[in-house]
Amino acid sequence: MNNVCVIGGSRYFGRRLIESLRDSGARVTVINRGSVPPPPGITHLTADRDDEKALGAAVGNREFDAVIDQVCYTPYQAAIARRVFGRRTSRYVMTSTMEVYDPATSELIPPAVPEVPVTEEAVDPASWPVPPGQPWHDPGRMEGVFGEATRYAEGKRQAEAVFTRESPFAFVTVRSAHVLGIGARDFTGRLEHYVERILAGRPVDVHRDRFPTSFINDEEIAGLLFWAAGAEFTGAVNASSHGELSVTGLCDLIAAETGRKADYRLVDGGEASPFSFDRHYAMGNGRAARLGYAFSTTTDWLPKAIAMAIDLRKGT
Ligand SMILES: NC(=O)c1ccc[n+]([C@@H]2O[C@H](COP(=O)([O-])OP(=O)(O)OC[C@H]3O[C@@H](n4cnc5c(N)ncnc54)[C@H](OP(=O)(O)O)[C@@H]3O)[C@@H](O)[C@H]2O)c1
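Conventions we followed
Residues numbered from 1 in each chain as written. Predicted model: local features only at pLDDT ≥ 70, side-chain atom pairs only at ≥ 80, totals over all residues. Core = buried A, V, L, I, M, F, W, Y, C linked by C-beta atoms within 7 Å. Buried ≥ 20, exposed ≤ 12 C-beta atoms within 10 Å, placed from the backbone. Helix = DSSP H or I, 4+ residues; strand = E, 2+ residues; numbered from the N terminus. Axes fitted to C-alpha atoms, helices over the stretch in contact; angles between N-to-C directions. Parallel < 35°, antiparallel > 145°, perpendicular 65-115°, else oblique. Left-handed = near helix turned anticlockwise from the far one by under 90°. Contact = placed C-beta atoms within 7 Å. Nonpolar A, V, L, I, M, F, W, Y, C, P; charged D, E, K, R; others polar. Near = placed C-beta within 6 Å. Pairing = 2+ DSSP bridges.

Chemist: Can you help me understand the nonpolar core in this one?
Modeler: One recurring pattern in soluble globular proteins: nonpolar side chains tend to sit buried together. Judged by nonpolar contacts, the single largest core of 86 residues is most densely connected at Val 4, Val 6, Leu 17, Ile 68, Val 93 and Leu 225. Sort the elements by how many residues they give to this core and helix H7 (residues 218-230) lands first, with seven residues.

Chemist: Quick question: what am I supposed to make of the packing of helix H3 (residues 75-85) against helix H5 (residues 148-164) here?
Modeler: How two helices pack is summed up by the angle between their axes together with the distance between the axes. In contact at an axis separation of 7 Å, H3 and H5 are set at 25 degrees when each is read in the N-to-C sense. Classed by the angle they form, the pair H3 and H5 counts as roughly parallel. Helix-helix and strand crossings are classified by hand; for H3 and H5 the assignment is right-handed. Mapping the contact onto sequence places Pro 75, Gln 77, Ala 78, Ala 79 and Arg 82 in H3 and Gln 158, Ala 159, Ala 161, Val 162 and Phe 163 in H5. Of the residues contributing to the contact of H3 with H5, the split by class is seven nonpolar, two polar and one charged.

Chemist: Looking at this structure, how should I read the site of the ligand?
Modeler: Around the ligand sit 23 residues, and of these Gly 8, Gly 14, Arg 33, Ser 35 and Gln 70 come closest. For the shell around the ligand, the secondary-structure elements that each account for two or more residues are helix H1 (12-23), strand E5 (91-97) and strand E7 (178-180). In terms of residue count, the dominant contributor to the shell around the ligand is H1 (four residues). Looking at the shell around the ligand residue by residue, the class counts come to four nonpolar, 13 polar and six charged.

Chemist: How should the environment of Thr 173 be read in this particular structure?
Modeler: In this fold, Thr 173 is placed in strand E6 (residues 170-176). The exposure class of Thr 173 is buried, given the 30 C-beta atoms found within 10 Å. Along the chain, Thr 173 and Arg 157 lie 16 residues apart, while their C-alpha atoms are 9.9 Å from each other.

Chemist: Any chance you could explain the pairing of strand E10 (residues 235-239) here in plain terms?
Modeler: Regular strands have side chains that alternate between both faces of the sheet. Here E10 lies mainly inside the structure; four of its five residues are buried. With five bridges joining them, E6 and E10 adopt parallel strand pairing. Looking at the pairing, Val 174 lines up with Val 237 of E10.

Dropping the structure here:
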């Protein structure tokens, strides 16, 4: 893989991904709207990927061995990308999410059996419906159609479906677990939420019946995307470190790292903290492992991610 294009690539594991591609000797082109300059040695094209004309003009006659799409959230964006990159690449990797399996976001998701990790077959992009007429091109109007969580999950599912059907290139969708930072701080602030509460002795909001979930670290997901771009398989692949963890398991690790005790408040019906789930959809990583990707184990790297979050909280 000598010539790779990444859409996104300006922060967090996207930044790590483009740096590791560059360091491997590949020619790397990054496309985003230009909010931050790319690292040295990387070709930077600026365009809004929602603007088909601008995207096509920015890409010009370039061709790529693979495109990695870090910021595809809707079937509208997928349709544009399929048209723009159809003749320009033979392989396309989309960064998707484990939220596609969240049963709370669609009645079409088969009920998962607790303690049985969810596999890729649970959501099949080849048959997932893409209803005509949903205003995905207009984010404001979509707010009236689906709530935030469903919009995210359903936008990803439908984007995967658009890329999978009549695909002009070999297509892979990487369904990532929750990403926590060991090489860069997680900008979403989810881990900090727990660290802040435990350090301050404030209770953490959790469901009465809670289920474990899946995690991966920023270096590992960047490595997996790199690997997927250069491999030959197609279809969906789950990306998570070995070992699921519940919100209280996570808090126990933070408590151990901070020397404090974690207190909990049950939210019965209310909103819980970010990694508390009252439904099961933790993923199995068996397909990627069988294809040759070596995963780490969550509890091996999580103390480092927690230590970073503690430093952030303490302002160091
Ligand atoms: N964090 C998690 O826990 C998690 C879990 C599962 C999946 N994911 C997935 O991870 C992906 C994000 O990864 P990342 O945060 O590392 O991102 P990234 O590769 O750095 O991409 C984010 C950048 O893309 C650019 N961008 C956004 N919209 C654009 C547009 N319309 N046109 C052109 N460029 C645009 C923005 O830079 P400019 O402002 O410069 O355009 C933005 O900073 C998403 O697909 C998300 O669903 C994340």
